[in-house]
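Report on the structure
As a plain string of letters, each chain reads:
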Amino acid sequence: IYTSDHGELLGEEGMVGHSLPIHPKHVYVPTVFIHPSLPSVVKRESLVRHVDLAPTILSLIGSESHNSEATDGRDLTERSLATRGATFHRSVKSLRSIDVRFESAGAWDRNGGYVLPETGRIKHALLGLKRLLRIPWRGYARRHLVPYFRAYLRGDQVHGTPGFSKDTVKKYVSGFQSEPVEPLEDESVDVPKERLEQLGYLE
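Remember, predicted model here, so these are calculated numbers, not experimental data.

Reading the values: rules and limits
Residues numbered from 1 in each chain as written. Predicted model: local features only at pLDDT ≥ 70, side-chain atom pairs only at ≥ 80, totals over all residues. Heavy atoms only, no water. Helix = DSSP H or I, 4+ residues; strand = E, 2+ residues; numbered from the N terminus. Buried < 20%, exposed > 50% of the residue type's maximum accessible area, 1.4 Å probe, protein only. Contact = heavy atoms within 4.5 Å. Areas by Shrake-Rupley, 256 points an atom, 1.4 Å probe, with all protein chains shown as cover. Lys, Arg positive; Asp, Glu negative; His and termini not counted. Salt bridge = Lys/Arg side-chain N within 4 Å of Asp/Glu carboxyl O. Polar contact = N/O pair within 3.5 Å; in protein donor to acceptor, adjacent residues only side chain to side chain. pLDDT = per-residue confidence, 0-100. Patch = residues over 30% accessible without salt bridge, like charges linked within 9 Å, V, L, I, M, F, W, Y side chains within 5 Å. Phe/Tyr/Trp six-rings, centres within 6.5 Å; stacked < 30°, edge-to-face > 60°. Lys NZ or Arg CZ within 6 Å of the ring centre and 35° of its normal. Pairing = 2+ DSSP bridges. Axes fitted to C-alpha atoms, helices over the stretch in contact; angles between N-to-C directions. 1 Å grid on protein atoms, 1.4 Å probe; cavity = no way out; pocket = protein on both sides within 12 Å on 5 of 7 lines; lining within 4 Å. Points joined across faces, edges and corners; volume = space filled by probe spheres on them. Nonpolar A, V, L, I, M, F, W, Y, C, P; charged D, E, K, R; others polar.

1. Remarks on the overall build of the protein chain
Of the regular secondary structure elements, the protein chain holds seven helices and six strands. When the helices and strands of the protein chain are listed from N to C terminus, the series reads β-β-α-α-β-β-β-α-α-α-β-α-α. Put simply, the protein chain has 203 residues, and 34% of those count as buried. Long-range contacts, defined here as pairs at least 24 residues apart, represent 57% of the contacts in the protein chain between residues at least 6 apart. For the protein chain, the computed accessible surface area is about 13,700 Å², with 53% contributed by carbon and sulfur atoms.

2. Side note on the side chain of Asp-109
Its place among the elements puts Asp-109 in strand β4 (residues 98-109). Of the buried charged residues, Asp-109 lacks a salt bridge, with Arg-84 as the closest side chain of opposite charge at 6.9 Å. Of the polar contacts made by the side chain of Asp-109, one reaches the backbone nitrogen of Gly-163; its length is 2.6 Å. Apart from residues no more than four positions distant in its own chain, Asp-109 is found in contact with Tyr-28, Leu-47, Thr-83, Arg-84, Pro-162, Gly-163 and Phe-164.

3. Describing the confidence of the model for the protein chain
Of all residues in the protein chain, 87% have pLDDT values of 70 or greater, and the mean over the chain is 83. The secondary-structure element of the protein chain with the lowest mean pLDDT is helix α7 (residues 193-199), recorded at 76, while strand β6 (residues 157-160) shows the highest, at 94.

4. Remarks on a nonpolar patch on the surface
A surface patch of nonpolar side chains, amounting to about 580 Å² of accessible area, comprises Ile-1, Phe-33, Leu-38, Ile-57, Leu-60 and Ile-61. Within the secondary structure, Leu-60 is located in helix α2 (residues 50-60). Taking the relative accessible area as the measure of exposure, Leu-60 reaches 62% and is therefore exposed.

5. A closer look at unusual backbone geometry
Located in the positive-phi region is Glu-13, a residue other than glycine, with phi close to 60 degrees. In this fold, Glu-13 is placed in the loop between β1 (9-10) and β2 (16-17).

6. Considerations on the packing of aromatic side chains
Considering all chains together, one arrives at five aromatic pairs under this definition. On the basis of an interplanar angle of 90 degrees and a centroid distance of 5.1 Å, the ring pair of Tyr-148 and Phe-149 is categorised as edge-to-face. Like Phe-149, Tyr-148 is buried. Here the aromatic cluster, defined as three or more aromatic residues joined through ring pairs, consists of Trp-137, Tyr-148, Phe-149 and Tyr-152. A cation over a ring is seen here: Arg-84 above Phe-164, with NZ or CZ 5.1 Å from the ring centre. The side chain of Arg-84 reaches across the aromatic face of Tyr-172, ending 4.8 Å from its centre.

7. What to know about the sheet that holds strand β3 (residues 85-95)
The antiparallel open sheet is built from four strands, whose spatial order is β3-β4-β5-β6. The open sheet terminates on both sides in strands that have one partner only, identified here as β3 and β6. The average undirected angle you get between the axes of adjacent strands in this sheet is 15 degrees. Where β4 and strand β5 (residues 112-117) come together, six bridges link them in antiparallel fashion. Among the inter-strand pairings, Gly-106 is bridged to a residue of β5, identified as Val-115. With respect to the sheet, helix α3 (residues 121-134) is in contact with β3, β4 and β5, its orientation differing from that of β4 by roughly 105 degrees. Together, β3, β4 and β5 form the strand contacts of helix α6 (residues 167-174), whose direction differs from that of β4 by roughly 110 degrees.

8. Here's the deal with empty space enclosed by the protein
If you walk through the whole model with that rule in mind, you get one cavity of 30 Å³ or more. The computed volume of the largest cavity comes to approximately 40 Å³. Split into classes, the residues belonging to the lining of the largest cavity amount to five nonpolar, three polar and two charged.

This is the structure:
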């Protein structure tokens, strides 16, 4: 299975990378299944959610730990594809020694979706200003200030022609409860700070 955890902006909205605000280019990534039992070339404009991959893989390898009820995802060997998927971006940034949460949620189908910022425009504008000083691609952003800040200052957004209404989004995304993630047992990997900055993980 060849896929990615997210897409990238490569100049759209005056940005490069995969941080806030959520954009369709972050959401729609190709997924390729390769196996001798599959047809050589079949292209489908269907929605495969990342959350569906783990239960499907566990089922395919016959894992005894497979439990389709223990995850929000679907075992695609037993169930049909979902018609919608959810996206979330939650982060905490330090602005003048104050930790500020930035949150956004969205719901998507194969034709488009909605993005609903959960923090206000002022916080998003402050984040945009801070990033202009720190991000590795700040020169590009500064040359495209209008689309850059327009993206941060938008409220609720619709992209494409989703087959559901905005009113259904909040109820849908609230069904995905984020559980606290336990830290890994001393499996840290030493990656140089400069490399993390180049990849956009540090500002």
